[in-house]
Each structure stands twice: as C-alpha cells, then as structure tokens.
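# Residue-level structural notes
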Amino acid sequence: MQAATASLRLAARASQRGALSRGFATAAATHAETHGAAAAAAAPARKFAPISLSNVEARWTKLSEEEQAAVHEQLEGIQTKDWKELSVDEKKAAYYVAFGPHGPRAPASQPGDHTKIWLSVGALVGVAALLTVGLRQFTPPPPKTITREWEEASNQRALEMKLNPISGISSEGYSGKGFVQTK
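For the structure given in this document, a descriptive report is provided here. Given the structure is predicted, the values throughout are model-derived calculations rather than measurements. The written sequence of each chain sets the order in which its residues are numbered from 1. At least 70 in pLDDT is required for a residue's local features to be given in this predicted model, at least 80 for side-chain atom pairs to be given and counted, and no such filter applies to totals for whole chains, interfaces and linings, which use all residues. Only hydrogens and water are set aside; all other atoms, that is, all heavy atoms of the structure, feed into the side-chain values.

### Side note on a nonpolar patch on the surface
Together, Ile117, Val121 and Val125 line one region of the surface with nonpolar side chains, adding up to about 270 Å² of accessible area. Here Val121 shows up in helix H7 (residues 113-137). Here the term buried applies to any residue with accessible area under 20% of the maximum for its type, exposed to any over 50%, and partly exposed to those in between, with areas from a 1.4 Å probe on protein chains only. The class of Val121 is partly exposed, set by a relative accessible area of 44%. Candidate patch residues must exceed 30% relative accessible area and have no salt bridge, after which like charges are joined if within 9 Å and Val, Leu, Ile, Met, Phe, Trp or Tyr side chains if within 5 Å. Each accessible area is a Shrake-Rupley result for a 1.4 Å probe, and residues are judged covered by the shown protein chains and nothing else. We define a salt bridge as a contact between a side-chain nitrogen of Lys or Arg and a carboxyl oxygen of Asp or Glu at a distance within 4 Å. What counts as a helix is a DSSP run of H or I of at least four residues, what counts as a strand is a run of E of at least two, and both are numbered from the N terminus.

In structure tokens, the structure reads:
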C-alpha cells in the first residue's frame, strides 16, 4: 500500500514537470494500476480549467510550471484531432510549445550583447596598441652594424680581402648586393 502511495506521489510530481517526465508518470501509473485502484482513488488529482490558447507565445513565460504542463496536456489532446479542424490559435500554440524559444531553445545571447562584444574587443585592441607603443619607447636603439653605411663598408672590406673569390662578392661578374640588406 505504501509503495502505491509513493508511486502516486511520483506520478503527481512527474505530471507537474510536464513532457520531460512522461516516462516516470506512465511507469508510476502502471505501477498504481497493478497494485489496486483503491490507492488511485485516494490521491487527489489536480485539474486546471482549460487555458485559453490565444496568444500563448506572449503569456508562456508568465505561466507557472503547472499551467505550462496543463497547456501542454491540453495541446496533446487537441492534436489528436484532424489538423485541418484546428483553429489558427491552436496551431500557433502547438508549434510554439513544441519549437518555441523557451527552455533549451532559448537564445543564448540577449539583445545588445553584440555591441558589448564589439566594444570590449575594440577596447582590448586599443590597450594592446598603447602597450606596444609604450614598450617601444623603452627599447634600445638598433645596433650600429645594421646601418647601410656599415654594410657597404663590409662589402668594401670583403673586396679588399678577396672574400669568396669563386662564386661570392670577389668573383668576376658578381652582380649581387653583397652584405647590404637594409633598404
């Protein structure tokens, strides 16, 4: 008897949660049926008056979980009819409850989030640019061996010492830049 009462409580909670818990409610109801109908009569059944299905999209977030479950059950009953016999409001409500932007299908970002993201990225790029310019102020000057004059003097010294006479700077008909790399 206690098991039947516990299963009925489970069934009542499951029906309040809605469509996600239908499997528990069915299992609990089947369990209650096998353990006697007397226990089922003792449990109070919650029934809501039929809720108007017009403009469910606007009212969905304001409905309690029990009312949402009642609307879902009401729509399940209505959808067993021929689809051509349903009113436009019933069709809209059925579509919204099944596929609307609520629960796991709710949008992940709110209006205005894109602006915040762009401003944050722009601020971070600006900080990085200022940091780069600031750090360049403290860097030492380039070494004197990187100047064009030094590289040209290195070419003259290589010619005087006849450096690489076969294929390099001291060879006949050499037309390369030699050691000059700066522009």
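### Considerations on the packing of helix H5 (residues 65-78) against helix H6 (residues 88-99)
Viewed as axis vectors pointing N to C, H5 and H6 meet at an angle of 120°, and their least axial separation amounts to 10 Å. For the element pair H5 / H6, the angle class is oblique. Viewed along their axes, H5 and H6 form a crossing whose handedness is left-handed. Mapping the contact onto sequence places Val71, His72, Leu75 and Ile78 in H5 and Glu90, Ala93, Ala94 and Val97 in H6. Polarity classes work like this: nonpolar for Ala, Val, Leu, Ile, Met, Phe, Trp, Tyr, Cys and Pro, charged for Asp, Glu, Lys and Arg, and polar for all others, with Gly in that last group. Partitioning the contact of H5 with H6 into residue classes produces six nonpolar, one polar and one charged. The convention used is that axes are lines fitted to C-alpha atoms, helices contributing only their stretch in contact, and that angles between N-to-C directions extend from 0 to 180 degrees. Relative orientations are named as follows: roughly parallel for angles under 35 degrees, roughly antiparallel for angles over 145 degrees, roughly perpendicular for angles from 65 to 115 degrees, and oblique for any other angle. Helix crossings are classified by the rotation of the near helix relative to the far one: an anticlockwise turn of less than a right angle makes the crossing left-handed, while a clockwise turn makes it right-handed. The contact rule is simple, with two residues in contact once any of their heavy atoms fall within 4.5 Å.

### Re the packing of aromatic side chains
Here is the rule: rings of Phe, Tyr and Trp (six-membered ring for Trp) pair when centre to centre is within 6.5 Å. Planes less than 30 degrees apart are stacked, more than 60 are edge-to-face, and the remainder are tilted. Counted according to the given criterion, the structure contains two aromatic pairs. Aromatic pair Trp60 and Tyr96: ring centres 6.4 Å apart, planes at 75°, arrangement edge-to-face. With Trp60 in the loop between helix H4 (56-59) and H5 and Tyr96 in helix H6, this pair connects stretches of sequence that are 36 residues apart. The exposure classification of Trp60 matches that of Tyr96, with both residues buried. A centroid spacing of 5.2 Å and a plane angle of 45° characterise the contact between Tyr95 and Phe99, whose relative ring orientation is tilted. Of this pair, Tyr95 and Phe99 both sit in helix H6, four residues apart, which is roughly one turn of that helix. Phe99 shares its class with Tyr95; the two are exposed.

### A few points about H7
Because each turn of an α-helix spans 3.6 residues, side chains separated by three or four positions end up pointing in the same direction. The length a helix should cover is 1.5 Å for every residue beyond the first. Here H7 contains 25 residues, and its C-alpha end-to-end distance of 37 Å stays within 8% of the 36 Å for a straight helix at 1.5 Å per residue. For H7, the buried fraction is low: zero of the 25 residues fall into the buried class.

### Quick word on the environment of Lys177
Along the chain, Lys177 turns up in the segment after helix H8 (148-160). Sequence separation of Lys177 and Glu152 is 25 residues, and the distance between their C-alpha atoms is 9.2 Å.

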